[in-house]
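What follows is each chain in one-letter form.
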Amino acid sequence: MLKFFKILLAFTTALLIVGTGTVAGLFWHFSHGLPDHKQLADYQPATVSRLYAADGRLLAEYAREKRVFVPVAAMPKRLLEAFVAAEDQRFFSHPGVDFVGVARAVIANLSNPGKRPEGASGITQQVAKNFLLSNQATLARKIREAILAFRIENTYSKERILELYLNEIYLGAGNYGVAQAAINYFDHSLGELTLSEIAYLAGLPKAPNRYGIARNEKEAYARRDYVLGRMLEDGYITQAEMQQAKAEKLVLRKRGATEIVQADFFAEEVRRNLLAAYGEKGLYEGGLTVSTTLDPAIQTVADNALRDGLITYDRRHGWRGPYAKIADMSAWEEELARIAQRRPLAGPPGWQLAVVSKVDPQAAQLVGLADGDGTLPFAEMTWAAPNLPEQRTGAPPRSPRDVVSVGDVIVVEKVDKPANGGKPYPPKTYALRQVPNVEGGVVVMDTQTGRVLAMSGGWSYGRSQFNRAVQAARQPGSSFKPFVYLTAMDSGFSPASVVADEPFSYDPGYGQPVWSPKNYGGDYMGPMTLQRALELSRNLVTVRLAAQMGMKKVVATAKEFGVVDNMGAYLPNALGATETTLLRMTMAYAMLANGALELTPSLVDRVQDRNGKTIYRHEPRTCRGCGEHAGPGKPEAPEILDPRKPFHDPASVGQIVHMMQGVTTRGTAGQLAALGRPIAGKTGTTNDSRDNWFLGSTPDITIGVYIGFDDHRTLGHSNLETGGGNAAPIYEAIAKVIFKGKPPTPFRIPPGLRLVKWSYEGGTIDEVFKPGTEPGSEGYGQTPAPVDGATPSAGIDAGGPQQAGNVRRPALSGTGETY
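Keep in mind the model is a prediction, meaning the values are calculated, not measured.

Draft legend 1. Just the packing of helix α2 (residues 77-87) against helix α6 (residues 158-168), in detail. Where α2 contacts α6, the two axes come as close as 12 Å, and the packing angle between them is 85°. When the axis of α2 is compared with that of α6, the two are roughly perpendicular. Contacts between α2 and α6 involve L80, F83, V84 and E87 from the first element and L162, Y165 and L166 from the second. Here the contact of α2 with α6 is composed, by residue class, of six nonpolar, no polar and one charged.

Draft legend 2. Region of interest: the packing of aromatic side chains. Following the criterion strictly, the structure yields 19 aromatic pairs and no others. For the ring pair F91 and F92, a centre distance of 5.1 Å and an interplane angle of 75° mean the geometry is edge-to-face. Looking at F91, the relative accessible area reads 0%, which means it is buried. Judged by relative accessible area, which is 47%, F92 ranks as partly exposed. Here the aromatic rings of Y170 and Y176 are separated by 4.9 Å at their centres, their planes lie at 50°, and the arrangement is tilted. The ring of F91 has K158 lying over it, and the distance from NZ or CZ to the ring centre is 4.5 Å. A cation sits over an aromatic face here: R343 above Y323, 3.9 Å from the ring centre.

Draft legend 3. View of the confidence of the model for the chain. Mean pLDDT over the chain stands at 88; residues scoring 70 or higher make up 86%. Confidence drops under pLDDT 50 across residues 791-819; counting only partners more than four residues distant or on other chains, this segment forms 69 contacts.

Draft legend 4. Spatial organisation of the nonpolar core. Ranked by internal contacts, the top residues of the largest apolar core, which has 127 residues, are Y485, L530 and Y731. Of all the elements, helix α18 (residues 582-593) adds the most residues to this core, at 10 residues. Residues in contact with Y485, not counting those within four places in the same chain, are L530, A533, L534, R538, V541, T542, L545, I656 and M659. By size, the runner-up hydrophobic cluster in this structure holds 53 residues, among which are Y43, L79, I169 and L190.

Draft legend 5. Geometry of the environment of N687. Structurally, N687 is set in the loop between β22 (680-685) and β23 (691-697). On the basis of relative accessible area, N687 is assigned to the exposed category, the value being 65%. For N687 and A577, which are 110 residues apart along the polypeptide, the C-alpha to C-alpha distance reads 9.1 Å.

Draft legend 6. Examining the sheet that holds strand β1 (residues 49-52) more closely. In spatial order, the strands read β2-β1-β5-β18-β19; together these five strands make up an open sheet with mixed pairing. Bordering the open sheet on either side are β2 (58-62) and β19 (614-617), each of which pairs with just one other strand. Each adjacent strand pair in this sheet contributes to an overall mean axis angle of 15°, direction not counted. Bridge analysis of β1 against strand β5 (residues 289-292) gives three bridges, and the strand direction is parallel. Within β5, the residue paired with Y52 across the bridge is S291.

Draft legend 7. Geometry of empty space enclosed by the protein. One pass over the structure, following the stated rule, counts one cavity of 30 Å³ or more. Approximately 40 Å³ is the volume attributed to the largest cavity. Lining the largest cavity we find F265, E268, E269, R272, Q465, N467, V470 and Q471. The residue inventory of the lining of the largest cavity, partitioned by class, reads two nonpolar, three polar and three charged.

Criteria and cut-off values
Residues numbered from 1 in each chain as written. Predicted model: local features only at pLDDT ≥ 70, side-chain atom pairs only at ≥ 80, totals over all residues. Heavy atoms only, no water. Axes fitted to C-alpha atoms, helices over the stretch in contact; angles between N-to-C directions. Helix = DSSP H or I, 4+ residues; strand = E, 2+ residues; numbered from the N terminus. Parallel < 35°, antiparallel > 145°, perpendicular 65-115°, else oblique. Contact = heavy atoms within 4.5 Å. Nonpolar A, V, L, I, M, F, W, Y, C, P; charged D, E, K, R; others polar. Phe/Tyr/Trp six-rings, centres within 6.5 Å; stacked < 30°, edge-to-face > 60°. Buried < 20%, exposed > 50% of the residue type's maximum accessible area, 1.4 Å probe, protein only. Lys NZ or Arg CZ within 6 Å of the ring centre and 35° of its normal. pLDDT = per-residue confidence, 0-100. Core = buried A, V, L, I, M, F, W, Y, C linked by side-chain atoms within 4.5 Å. Pairing = 2+ DSSP bridges. 1 Å grid on protein atoms, 1.4 Å probe; cavity = no way out; pocket = protein on both sides within 12 Å on 5 of 7 lines; lining within 4 Å. Points joined across faces, edges and corners; volume = space filled by probe spheres on them.

And the structure:
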């Protein structure tokens with residue numbers, strides 16, 4: 001017997017040595033190449049980046065995983081207890097691996113070989129797997145997982161491990177972390193959860209889809225009750241609390257609708273900028289808090305004004321036919337549903353699709369409306385003359401049959417009375433509408449800082465994500481002329497300088513055709529002052545002026561103000577032939593209006609990282625006294641300090657801004673005089689009326705408007721297809737609202753200019769002149785000599801004695817009157 005015990009002891013010792021060696025060997029083998037568990041100290045979960053408008057309302061969210069990070073110290077104690085009871089009963093006592101749980105799982109799996117194997121991964125092991133390893137179900141991974149669990153436990157506190165786990169765990173329906181799940185399942189913060197809801201969430205990690213109450217209510221309640229039972233068993237809750245929680249019905253509450261500002265084009269441009277600055281990981285996982293420059297009220301005004309302007313233009317050019325056609329009216333409901341799904345209607349909220357079911361002599365009957373059927377009277381479709389090529393229109397309709405027929409799917413809007421007044425309509429009366437195919441853009445910018453307060457990139461973001469405010473490169477046409485005239489002021493010209501508005505031709509040589517520009521309308525007005533020429537946007541005066549100075553100077557001015565990066569020194573570019581964007585032009589006009597202080601257009605005021613640290617701020621100015629309490633020796637009010645210096649001669653800039661105010665009172669945008677405030681603006685119309693522009697500045701706000709087709713075709717041939725006819729009314733609609741109730745702000749006249757009363761072709765006005773050029777002075781109306789090599793004189797034919805460089809001096813008088 002003694003010998004037997006010696007043999008058994010030796011065998012046991014050997015087995016222990018072999019076992020220990022085997023375990024040590026396995027530990028050594030699987031320890032190589034393991035991820036560094038210390039990286040968990042810098043754990044930054046993928047969290048949502050949010051954009052906010054200037055008033056603090058949510059604008060947009062960007063994320064790959066819906067998650068809200070919450071520190072463990074801010075989590076309810078009962079929540080921690082529920083997850084520990086459900087997932088790892090001995091979490092607070094084991095060293096990383098629950099050996100009791102492992103033994104229980106091994107016995108259970110051996111006893112039930114046909115059933116799904118039980119797992120024994122505790123919370124620490126799940127952290128190791130979720131953060132550092134893959135989900136591959138192999139023995140090697142389980143061993144590596146256990147090794148990492150030991151290391152994690154030796155490095156971090158139990159509370160830190162729980163924080164990692166509860167913020168990372170997947171809880172179904174796209175929810176990562178307990179905070180996000182609480183919001184999306186119950187519309188509660190963690191502190192608002194009931195015991196029943198906590199137990200439900202704690203039961204999800206094992207099988208989120210299986211135990212989701214929306215899909216499997218019976219198993220969801222069973223799992224919740226199991227967790228409550230474990231909490232009772234572990235002493236976390238009382239019997240009464242458990243019974244009360246079990247009796248509670250789980251109610252999924254859809255997350256309350258968050259008020260989101262609608263500014264899709266603006267938000268997308270911010271997203272593109274953030275993506276360029278911080279990359280995909282920074283944007284979609286970085287938890288950035290982005291304070292944008294968006295003013296929601298101004299954005300709404302800009303959107304509505306642009307939309308109304310596009311509708312006005314579109315209606316003026318006739319009816320292009322129905323939205324769609326249904327051939328078999330016996331199945332109109334199914335067909336209408338398919339059409340609506342395939343081509344969602346993009347338009348104002350009150351617009352909807354309808355099907356023409358019958359056409360009477362004075363009305364069309366409609367079906368498929370939100371409130372059933374309706375009537376479309378002929379009076380609401382008289383505008384619908386057929387649209388013809390080149391944006392012309394045919395004969396006006398004489399009856400409803402000239403416009404619609406049975407089976408037509410059309411766009412309508414409910415109306416109460418005729419647009420031009422009259423007796424109210426009967427209930428369920430509708431007006432014919434049409435989705436415009438013309439497009440446009442609007443930018444509203446703070447003149448002093450470059451903050452973009454609003455941006456509209458087209459009719460509807462749902463129809464086209466192409467942003468005409470920043471992505472559409474278009475010729476600015478005559479809206480470029482202020483930079484030619486600014487160059488003239490730099491070169492010694494004045495508003496009183498007179499240039500011939502007469503035929504002009506330029507031979508570029510090298511076998512290229514002779515260029516003979518025309519004025520809009522093809523007329524000539526003879527000698528005229530630069531002031532009047534700018535107001536009336538005379539092309540021939542502008543070209544002559546550019547030829548006199550030399551285009552290289554004009555190019556330098558355009559680059560200095562950011563209109564373009566590259567421009568050839570060719571005369572056609574004086575008339576805005578080089579493409580640019582609406583955002584660039586708005587910025588350039590803002591820098592004219594602020595006295596040539598440099599701007600960088602910005603859609604973002606500030607970016608903060610997930611910890612609240614500011615990592616970007618757009619503010620060219622500083623504040624002296626901000627954050628300080630008034631007191632002895634301290635200013636009573638903070639003072640805004642602007643370190644920027646003018647990058648261009650302020651006197652010349654001041655002259656051109658003053659001249660541009662004539663455009664909006666006596667010129668091509670004279671209708672804006674009704675606004676009753678100083679506006680330095682300019683219209684723009686390109687060849688064949690393919691693009692219409694208007695840009696206007698006050699000392700506070702600069703607004704740019706563009707109208708045109710995406711395929712560059714003509715807007716038409718009437719006198720309305722101009723910057724003054726199409727774009728300026730949109731500016732006016734915006735300005736009326738945002739300036740309402742605000743006193744006019746005059747432009748500051750920079751030092752070195754003299755304000756004098758001056759009579760010219762447009763009337764008697766107050767104008768600014770550089771000393772020595774004002775009326776009555778010796779230099780009044782004089783101009784510099786042509787720049788050498790500016791334009792070959794042999795290539796110029798002015799139709800008489802007026803050569804390209806000839807500038808006439810007006811007659812002098814004591815009052816400065818010339819005409």
